[in-house]
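The lines below spell out each chain.
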Amino acid sequence: MSLLRSFSRLSRVASHARTATVVQPTRRYAEEAAAAPSAMAFTFATPTQMFYKEADVKQVDVPSTTGNFGILPQHVPVLSVIRPGVVTVYENDGAQNKYFVSSGTISVNADSSVQVLAEEAVPVDQLDKDAIEQGLSKAQQDVQSATEEIAKAEAGISLEVHEALMKALDK
C-alpha cells in the first residue's frame, strides 16, 4: 500500500513538474533588431577599381542568378552570384548611382556589412550605345555561326552580356 501511495505521490509531483517547466516561447526579434546596427557598411570593387569602401548607404539593388534583390541594413546574411546587369546604390542623401556589372559575387554579413565584388563594372552613364549595338550584332552572328561547343558557349556569354548592356541603357 505504501508503494501505491508513493507512486501516486510521485506521479502528482512529476505531473506538477511537467507543467512547471513548460516555457512559453518569447519573441525577441524586435529587441535584437533594435540592438543591431542601423547602418550598412558597403564595399563595391573590381580587381582594378574601388567604387565604395565601407560606405554608409541606404540600399543596394543587385542582379543575381536567382533574381534581382534589394539589400537594406540588417538584411539576412546571404552569398550570391552576380549576373550581368545594373547594381543601383541608393545614397543616404537620396542620390542613386547605377553601375553595369558583368559578373561577380555578393556577400551580405550578419554585421550589416555588404561586399559586391565584380569582375568588371562601369557607371551606366559612361556606356557607349554604338559600341554596345555593334557588340550585340557581332555576338548574334557568332551564336549563329559557332560550330564547336566552346565557341557556342563563348558566343552565348557575349550575347547575354550585350543584351544586359542594352537593357541597362534603357533604364
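Computed from a predicted model, the values in this text were never measured in an experiment.

Conventions we followed
Residues numbered from 1 in each chain as written. Predicted model: local features only at pLDDT ≥ 70, side-chain atom pairs only at ≥ 80, totals over all residues. Heavy atoms only, no water. pLDDT = per-residue confidence, 0-100. Contact = heavy atoms within 4.5 Å. Helix = DSSP H or I, 4+ residues; strand = E, 2+ residues; numbered from the N terminus. Buried < 20%, exposed > 50% of the residue type's maximum accessible area, 1.4 Å probe, protein only. Polar contact = N/O pair within 3.5 Å; in protein donor to acceptor, adjacent residues only side chain to side chain. Axes fitted to C-alpha atoms, helices over the stretch in contact; angles between N-to-C directions. Parallel < 35°, antiparallel > 145°, perpendicular 65-115°, else oblique. Left-handed = near helix turned anticlockwise from the far one by under 90°.

Asks: When you look at the confidence of the model for the protein chain in this model, what are you seeing that I'm missing?
Replies: Do not read the predicted coordinates in detail wherever pLDDT is low. Here the protein chain averages 83 in pLDDT, while 77% of its residues score no lower than 70. Note that pLDDT drops below 50 for residues 13-30; the model gives that stretch zero contacts with residues more than four away or on any other chain.

Asks: Please explain the environment of arginine 83 as it appears in this structure.
Replies: Among the secondary structure elements, arginine 83 is positioned in the loop between strand S5 (78-82) and strand S6 (85-90). By relative accessible area, which is 29% here, arginine 83 ends up partly exposed. Not counting chain neighbours up to four residues away, the residues in contact with arginine 83 comprise Pro63, Ser64, Thr65, Asn68, Val101 and Ser102. A polar atom in the side chain of arginine 83 sits 3.2 Å from the backbone oxygen of serine 64. Only 2.6 Å separates the side chain of arginine 83 from the side chain of asparagine 68, close enough to count as a polar contact.

Asks: Where do I start with the packing of helix H3 (residues 129-145) against helix H4 (residues 149-170) in this structure?
Replies: How two helices pack is summed up by the angle between their axes together with the distance between the axes. Remark: H3 packs on H4, axes separated minimally by 8 Å, with the N-to-C direction vectors making an angle of 150 degrees. The angle between H3 and H4 falls in the class roughly antiparallel. Here H3 runs over H4; the crossing is left-handed. Counted together, Lys129, Ile132, Glu133, Gly135, Leu136, Ala139, Gln140, Asp142 and Val143 of H3 and Ala155, Gly156, Ser158, Leu159, His162, Glu163, Leu165, Met166 and Leu169 of H4 form the full contact between these two elements.

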